[in-house]
Amino acid sequence: MSNYKIAVVPGDGIGNEIVPEGLKVIRAAAKKHNFSIETEEFGWGAGYYLKHNQFLPDNGLEVLKKFDAIYFGSVGLPEVDDTLPAKDYTFKVRTNFNQYVNYRPVRTYPGVTRPLRTEKHIDFVIVRENTEGEFVQMGGQYLPDEPNGMGTDTSVFTRKGIERIAHYAFKLARTRDKKVTHITKSNTLINSLSYWDRIISEVAQQYPDVEHEQMYIDNSTAMFVLKPEIFDVVLTTNLFGDILSDLGGAIMGSLGLGGSGNINPEKEFPSMFEPIHGSAPDIAGKNIANPYGQIWSAAIMLEHLGEVDAAKSIMGAIDKATSQGVLTVDLGGNASATDVADAVVANL
Ligand code: ATP
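Residues numbered from 1 in each chain as written. Predicted model: local features only at pLDDT ≥ 70, side-chain atom pairs only at ≥ 80, totals over all residues. Heavy atoms only, no water.

Here we look at the site of the ligand
In the vicinity of the ligand, the contacting residues are Ile14, Leu255, Gly256, His277, Gly278, Ser279, Ala280, Asp282, Ile283, Ala289, Asn290 and Asp330. With respect to the ligand, the backbone of Gly278 contributes an N or O atom lying 2.6 Å from an oxygen atom. Asn290 places a main-chain nitrogen or oxygen 3.0 Å from a nitrogen atom of the ligand. Here the residues of the shell around the ligand are counted per class, giving five nonpolar, five polar and two charged. (Near = heavy atom within 4 Å. Polar contact = N/O pair within 3.5 Å; in protein donor to acceptor, adjacent residues only side chain to side chain. Nonpolar A, V, L, I, M, F, W, Y, C, P; charged D, E, K, R; others polar.)

As structure tokens, this is what we get:
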């Protein structure tokens, strides 16, 4: 029987409410599919920062390295500088563990009212480059308090970084509907993103069986709303993927529905699985947060670990729960986070 060691980092805000609910589902799936999990919880994040002046201890990454995967909620609190959670936790884990794929699927949930009029089934994956691009945080501020002050951020696009994410996207498309739409803005970012386009087109030639389309970011935001059914695999830069995946969450019906994985495909390091939303301090402490995205992240984690049937079972149990009308406040229902997880477990 396989055994998986999972590091659990609930983080802040609603993370502390929905991560335990997700764990219930993981445990139920393990029982049903005959594998075991060992979990260890770490109270890191913005709350930890307020006490210890850092988001995770000095040896935090060394500690995490020993696990097969990290099940994560979200970090950030209103009283903590908003530039810190990404820099001191999320980006740190993503870059140090070479989690260069941010896998963010978008789909329709049965029984959930969507904001779009289309009745067509939506099912695509945003593959966001996760370690470079616009989010490398290289830059600086010069005399910020002066009239001639300035601030810069430099984007970095490397051949290696683009090639590996493009290969991931095209390989993924082969397991799906065989289409990659790569998002760009090379008509104005004429150096970095024309390089991005060029390398992706080179990689695309190695996958003649996969349709390859290039789309500008501005057009793609319109297409997400007008014709979301045309997408299969959406390959984006770090910044564009960040924005598009919130739009992806919105067209599903709520940000709370989106699951994701920060994936190191080579499995040299643990990968980290988290919902696409933040710590939502405005609704924390009431057990009303939508845990479907957190539970979906568990399914993505189990699939990554090789428990494909368990992942499928969880998705089936989620679909059954939403069809049964087990919906949280953001979806127009009155189910608590606990009600949702209990329904998913019962359906499993
Ligand atoms: P981040 O930058 O860390 O992604 P954010 O500042 O974009 O975070 P979120 O924490 O994602 O903000 O919250 C945005 C809005 O969506 C808030 O009004 C929040 O209450 C709502 N929201 C986010 N997640 C959920 C959820 N799981 N269930 C219900 N509402 C949610």
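Focus on the environment of Phe35
For Phe35, the position within the fold is in the loop between helix H1 (15-33) and strand E2 (36-41). Using a relative accessible area of 4% as the deciding quantity, one classes Phe35 as buried. Separated by 247 residues in sequence, Phe35 and Asp282 have C-alpha atoms that sit 37 Å apart. In contact with Phe35, other than residues within four places in its own chain, are Met1, Ser2, Tyr4, Ala29, Ala30, Leu302, Glu307 and Ala310. (Helix = DSSP H or I, 4+ residues; strand = E, 2+ residues; numbered from the N terminus. Buried < 20%, exposed > 50% of the residue type's maximum accessible area, 1.4 Å probe, protein only. Contact = heavy atoms within 4.5 Å.)

Section: the sheet that holds strand E8 (residues 179-184)
The sheet built from 10 strands is open, its strands ordered E2-E1-E3-E12-E11-E4-E5-E10-E8-E9 with mixed pairing. Each edge of the open sheet is held by one strand with a lone partner, namely E2 and strand E9 (211-216). Averaged over all pairs of adjacent strands, the angle between strand axes in this sheet comes to 25 degrees, irrespective of strand direction. Of the strand pairs in this sheet, strand E1 (residues 3-11) and E2 are connected by six bridges, and their pairing is parallel. (Pairing = 2+ DSSP bridges. Axes fitted to C-alpha atoms, helices over the stretch in contact; angles between N-to-C directions.)

Brief notes about a nonpolar patch on the surface
Together, Tyr142, Leu143 and Met150 give the surface a local cluster of nonpolar side chains, amounting to about 300 Å² of exposed area. Mapped onto the secondary structure, Leu143 falls in the loop between strand E6 (133-142) and strand E7 (150-156). According to the relative accessible area criterion, Leu143 is partly exposed, its value standing at 37%. (Patch = residues over 30% accessible without salt bridge, like charges linked within 9 Å, V, L, I, M, F, W, Y side chains within 5 Å. Areas by Shrake-Rupley, 256 points an atom, 1.4 Å probe, with all protein chains shown as cover. Salt bridge = Lys/Arg side-chain N within 4 Å of Asp/Glu carboxyl O.)

Things to note about the side chain of His277
Relative to the helices and strands, His277 resides in the loop between strand E12 (271-275) and helix H9 (292-305). Under the relative-accessibility criterion, His277 is labelled buried at 10%. In this structure, His277 is in contact with Ile14, Ile18, Ser74, Leu255, Gly256 and Asn290, ignoring residues within four places of it in sequence.

A look at the pairing of E12
The buried fraction of E12 is high, at five of five residues. For strand E3 (residues 69-74) and E12, the ladder comprises three bridges, and the chain directions are parallel. Across the sheet, Tyr71 pairs through a bridge with Phe273, a residue of E12. Where strand E11 (residues 259-263) meets E12, four bridges bridge the pair, whose relative direction is antiparallel. Residue pairing across strands places Gly261 opposite Phe273, the latter belonging to E12.

Quick word on the packing of aromatic side chains
The geometry of an aromatic ring pair is captured by the separation of the ring centres together with the interplanar angle, meaning the angle of the planes. One pass over the structure, following the stated rule, counts 14 aromatic pairs. Taken together, a centroid distance of 5.2 Å and an interplanar angle of 35 degrees make the contact between Tyr49 and Phe55 tilted. The exposure class assigned to Phe55 is buried, which follows from its relative accessible area of 1%. Plain terms: the ring middles of Tyr109 and Tyr292 are 6.0 Å apart, the flat faces sit at 55 degrees to each other, and that makes the pair tilted. On the criterion of sequence distance, the pair formed by Tyr109 in the loop between strand E4 (101-107) and strand E5 (123-129) and Tyr292 in helix H9 is long-range, its members being 183 residues apart. In this structure an aromatic cluster arises from ring pairing among Phe42, Trp44 and Phe67. Above the ring of Tyr109, the side-chain terminus of Arg107 is found at 5.0 Å from the ring centroid. (Phe/Tyr/Trp six-rings, centres within 6.5 Å; stacked < 30°, edge-to-face > 60°. Lys NZ or Arg CZ within 6 Å of the ring centre and 35° of its normal.)

Thoughts on the packing of H1 against H9
Across the interface, H1 lies against H9 with an axial gap of 8 Å and an inter-helix angle of 45 degrees. Considered as vectors, H1 and H9 are oriented oblique to each other. Seen from above, H1 lies across H9 with right-handed handedness. Between H1 and H9, the residues in contact are Ile18, Val19, Gly22, Val25, Ile26 and Ala29 and Gln294, Ile295, Ala298, Met301 and Leu302, respectively. Each residue belonging to the contact of H1 with H9 can be placed in one class, and the counts come to nine nonpolar, two polar and no charged. (Parallel < 35°, antiparallel > 145°, perpendicular 65-115°, else oblique. Left-handed = near helix turned anticlockwise from the far one by under 90°.)

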